[in-house]
Amino acid sequence: MTTAARAVFAPGLFDGQVALITGGATGIGFGIAELLSQLGAHVVLASRKPEHLEPAVADLLARGRSASSVQVDVRDPERVKAMVAQVVDEHSRIDILMNNAAGNFYAPSASLSPNAWKSVIEIDLYGTFFCSQAVLPVMKAQGGGRIISTSMTLHYRGWPMMAHATAAKAGVDALTKTLALEWAEHGVRINAIAPGPIPTEGVRKAFTPPPGSAATDVFDVEQAMDDHARKTIPLGRMGTPADIAQMVAFLASPAGDWITGGIFVVDGGEWLK
Ligand code: NAP
């Protein structure tokens, strides 16, 4: 996190609050966990793999942050309910739910297997719904809360090799608006963020030629991403997890008190080109 980013938000902004972040141990989710915990929230990182969760929590604890983890597969509604029960049991409340878990891979639609299709729709769309539905009673009982989901921009114009993810995220956008209307009466604000390209491990993989291809030996993935950014992103660079985390902090803070049902593009202007 840059010093500039730190200075934008008041220290202790989220003191006493609990943020549950699915996919919170890697990539963008971890960037969100870093900023919210730095601003005083206890962050609960939720995903499937202990090899992701354990080092991420250890890293935050080593920096003096308040963090813990819970293992969950967001495709399973019963496991999701159990996750929420565990968080409430351990931390008494859930102020912020960040729906960020996703399955990411490029695949041609003509040969996309039913299982691959189902898996991405279930993680991105069903998972977002199951987690949102499961935290509602907790937030309702507390008098309110904030749910933020990570969407994308690729479905605004179509994106080859991503039929599964674009369909799922279009659903996430629809859910964001509908749940915002249904749950406003409970004081629950629901928004989504649509990031542009952020070079997490998954994105680096997508830029790297397959093993064995002629270019692999000399291929410089950082250079390829820089070239791509200069050509396609008006602000001239790829994003960072911190760019997305700052929008999350804004929406989750009292500055967002009159904002619900919004989908906020954070992409250096990319989708307009
Ligand atoms: P990432 O590092 O691959 O994050 C995906 C996370 O989801 C991982 O922590 C993974 O943890 C978790 N996850 C996957 N399947 C799960 C399941 N069934 N149950 C629970 N957790 C699961 O990817 P990222 O790039 O940071 O992406 C984060 C979010 O931003 C995603 O929603 C993605 O669609 C969105 N996004 C990313 C970009 C980008 O350029 N990076 C652009 C637009 C939108 P486990 O493996 O431990 O389960």
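The structure displayed is predicted, hence computed values, not measured ones.

Residues in close proximity to the ligand total 27 residues, the closest being Thr 26, Ser 47, Arg 48, His 52 and Thr 200. At a separation of 2.8 Å, a nitrogen atom of the ligand approaches a polar side-chain atom of Asp 73. Contacts to the ligand include Ala 102, whose backbone N or O atom sits 3.4 Å from an oxygen atom. Burial of the ligand by the protein chains amounts to 92% of its free accessible area of 880 Å².

Where interface size is given, it is often the accessible area lost as the parts come together that is meant. Splitting the protein by domain gives domain 1 (15-198 + 241-266) and domain 2 (199-238). Listed per partner, the contact involves six residues of domain 1 and seven residues of domain 2. Interface area for domain 1 against domain 2, summed over the two sides, is near 550 Å², with a carbon-plus-sulfur share of 68%. The three residues of domain 1 that bury the most area against domain 2 are Pro 197, Ile 198 and Asp 243, which together make up 74% of that side's buried surface. Arg 237 is paired through a salt bridge with Asp 243; the nearest N and O atoms lie 2.8 Å apart. Inspection of the region where domain 1 meets domain 2 yields two residue pairs in polar contact (both at pLDDT 80 or more). Here the residues of the side of domain 1 that touches domain 2 are counted per class, giving four nonpolar, one polar and one charged.

With that settled, the discussion passes to a nonpolar patch on the surface. A surface patch of nonpolar side chains, about 370 Å² in accessible area, is lined by Tyr 156, Val 265, Trp 271 and Leu 272. By the secondary structure assignment, Leu 272 is in the segment after β7 (263-266). Judged by its relative accessible area of 66%, Leu 272 is exposed.

Moving on, we get to the packing of helix α4 (residues 77-91) against helix α5 (residues 114-142). The interhelical angle for the contact between α4 and α5, taken along N-to-C directions, is 35°, at an axis separation of 9 Å. For the pair α4 and α5, the crossing hand works out as right-handed. Of the residues in α5, those in contact with Pro 77, Val 80, Lys 81, Met 83, Val 84 and Val 88 of α4 are Phe 130, Cys 131, Ala 134, Val 135 and Val 138. Its residues assigned to classes, the contact of α4 with α5 shows 10 nonpolar, no polar and one charged.

Two side chains carrying opposite charge are able to pair once their charged atoms lie near each other. Summed over all chains, the structure comprises nine salt bridges. For Glu 122, the salt bridge identified is with Lys 118, shortest N-O distance 3.5 Å. Taken together, the positions of Glu 122 and Lys 118, both in helix α5 and four residues apart, correspond to about one turn of that helix. Judged by its relative accessible area of 18%, Glu 122 falls in the buried class. The network of salt bridges with common partners includes Glu 34, Asp 59 and Arg 63.

Right, let's talk about the pairing of strand β2 (residues 42-47) for a bit. Burial runs high along β2: six of the six residues are buried. The two faces of β2 match: His 42, Val 44 and Ala 46 on one face and Val 43, Leu 45 and Ser 47 on the other face are all buried. Pairing geometry for strand β1 (residues 18-22) and β2, over five bridges, is parallel. Within β2, the residue paired with Thr 22 across the bridge is Ala 46. Handedness of the β-α-β unit built from β1, helix α2 (residues 27-38) and β2 comes out right-handed. Where β2 meets strand β3 (residues 67-71), five bridges bridge the pair, whose relative direction is parallel. The residue bridging Val 44 from the neighbouring strand is Ser 68, located in β3. Between the parallel pair β2 and β3, the chain is carried across by helix α3 (residues 50-62), and the sense of this crossover is right-handed.

Time to look at the sheet that holds β2. Strand order in the open sheet formed by seven strands is β3-β2-β1-β4-β5-β6-β7, and the pairing between neighbours is parallel. In the strand order of this sheet, the two ends are held by β3 and β7, each with one partner. On average, adjacent strands in this sheet sit at an angle of 20° to one another, irrespective of strand direction. With six bridges joining them, strand β5 (residues 145-150) and strand β6 (residues 188-195) adopt parallel strand pairing.

Cut-offs used in this document
- Residues numbered from 1 in each chain as written.
- Predicted model: local features only at pLDDT ≥ 70, side-chain atom pairs only at ≥ 80, totals over all residues.
- Heavy atoms only, no water.
- Near = heavy atom within 4 Å.
- Polar contact = N/O pair within 3.5 Å; in protein donor to acceptor, adjacent residues only side chain to side chain.
- Areas by Shrake-Rupley, 256 points an atom, 1.4 Å probe, with all protein chains shown as cover.
- Domains from an automatic or database assignment.
- Contact = heavy atoms within 4.5 Å.
- Buried area = accessible area lost by both parts, 1.4 Å probe.
- Salt bridge = Lys/Arg side-chain N within 4 Å of Asp/Glu carboxyl O.
- Nonpolar A, V, L, I, M, F, W, Y, C, P; charged D, E, K, R; others polar.
- Patch = residues over 30% accessible without salt bridge, like charges linked within 9 Å, V, L, I, M, F, W, Y side chains within 5 Å.
- Helix = DSSP H or I, 4+ residues; strand = E, 2+ residues; numbered from the N terminus.
- Buried < 20%, exposed > 50% of the residue type's maximum accessible area, 1.4 Å probe, protein only.
- Axes fitted to C-alpha atoms, helices over the stretch in contact; angles between N-to-C directions.
- Left-handed = near helix turned anticlockwise from the far one by under 90°.
- Pairing = 2+ DSSP bridges.
- Right-handed = clockwise from strand over helix to strand, strands pointing away.

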